[in-house]
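# A structural walkthrough
Listed here are the chains, written in short residue letters.
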Amino acid sequence: MADHLADRRPPLRPALDLGRGLLIGAVEVVPGVSGGTVALIVGVYTTLIEAASHVVRAVVALGDLPRGRGISRARAHLAAVRWSVVAPVLVGMVLAVVLGARVLAPLVEEHPTATRAVFGGMIAASLLIPVRLLGRSWTWRLSLLAGFAAAGAFLVTGLPSSRVIDPPLLLVALAAAVAVCALVMPGLSGAFLLLVFGLYETTLVAVNERDVPYILAFAIGAVVGLSLFVNLLRVLLARFREIMLALMTGLMLGSLRALWPWQDAFGQATPAGPDAVPMALLALGGAAVVLLVVTMQARLDRPRR
């Protein structure tokens, strides 16, 4: 799937990219749903990874200032970023996270079974993305690798959750550094990792109450984690594309456990309730939305004859 629309409709691109960012940011506040997966679905995943890598290398290049080459190298890396796409996507993500902390979080709290059903259907349908990208490249080795990744994600998403009320800022930064890695890796949910660390609700409260020290510590940790991880991920995607896509497929499949609609207070799965049919319909609705987006994206990316 191409990472951007053709230039044939430039007036619509900023609005569309803003909408993509809104979708990515919105799901990041929902445990179990991966922003990286949504970025893959809407076609900006590789663009964002490349952009993050160039920004990180621009910052590193500034260390060469004493020899007079740091600024020119940093400018070169920043110029390589497709800001026309990245900027509106980032704006949309920030807006969605801020609004999502107020809107989606209460919705998840008040209707957890229904929201998990919808997002579970969306993630299940999004499995078609890496499967489609691999196409005929699937082998038994890649299938086995995907199976191991699915098993690992299944075990991780089955960990019981708790809540840390007043965490030290160092813990906040460390948790953010790990969670942001999940943001750029489809199939892993940064919000769910925060839930495992016991910082999910605490972080939402900090965003809603504009807790500046908490938010600053979180931002620093996220920047450091992204800096350490994104270049490695970029190299792996370039050199081992098939292996990484197989891993993504497995991680996405295994992470579906976190979105089983019926769970107890500790995030552990329970038997299906009497509302199984409505929840199944909601899951099908979520899957239909993803399939519609994928179909529209494929048609938009199709070259005109």
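Heads up: the structure comes first, above all this text.
My aim in this report is to walk through the structure given alongside it, one point at a time. Given the structure is predicted, the values throughout are model-derived calculations rather than measurements.

Together, Leu-18, Leu-22, Val-91, Leu-95 and Leu-99 make up a nonpolar patch on the protein surface, roughly 400 Å² of accessible area in all. Of all elements in the fold, only α1 (13–28) and α5 (83–102) reach the threshold of two or more residues within the nonpolar patch. Sorting elements by how many residues they give to the nonpolar patch places α5 first, with 3 residues. Tracing the backbone shows Leu-95 in helix α5. Judged by its relative accessible area of 42%, Leu-95 is partly exposed.

Relative to the helices and strands, His-54 is located in helix α3 (residues 45–61). For His-54, a relative accessible area of 13% gives the class buried. In this view, His-54 contacts His-77, Ala-80 and Val-81; residues no more than four positions away in its chain are not counted. Of the polar contacts made by the side chain of His-54, one reaches the side chain of Arg-57; its length is 3.3 Å.

Locating Ile-41 in the fold gives a position in helix α2 (residues 35–42). Judged by its relative accessible area of 7%, Ile-41 is buried. Counting along the chain gives 85 residues from Ile-41 to Ser-126, while the straight-line C-alpha distance between them is 6.7 Å.

Cut-off values and rules
- Residues numbered from 1 in each chain as written.
- Predicted model: local features only at pLDDT ≥ 70, side-chain atom pairs only at ≥ 80, totals over all residues.
- Heavy atoms only, no water.
- Patch = residues over 30% accessible without salt bridge, like charges linked within 9 Å, V, L, I, M, F, W, Y side chains within 5 Å.
- Areas by Shrake-Rupley, 256 points an atom, 1.4 Å probe, with all protein chains shown as cover.
- Salt bridge = Lys/Arg side-chain N within 4 Å of Asp/Glu carboxyl O.
- Helix = DSSP H or I, 4+ residues; strand = E, 2+ residues; numbered from the N terminus.
- Buried < 20%, exposed > 50% of the residue type's maximum accessible area, 1.4 Å probe, protein only.
- Contact = heavy atoms within 4.5 Å.
- Polar contact = N/O pair within 3.5 Å; in protein donor to acceptor, adjacent residues only side chain to side chain.

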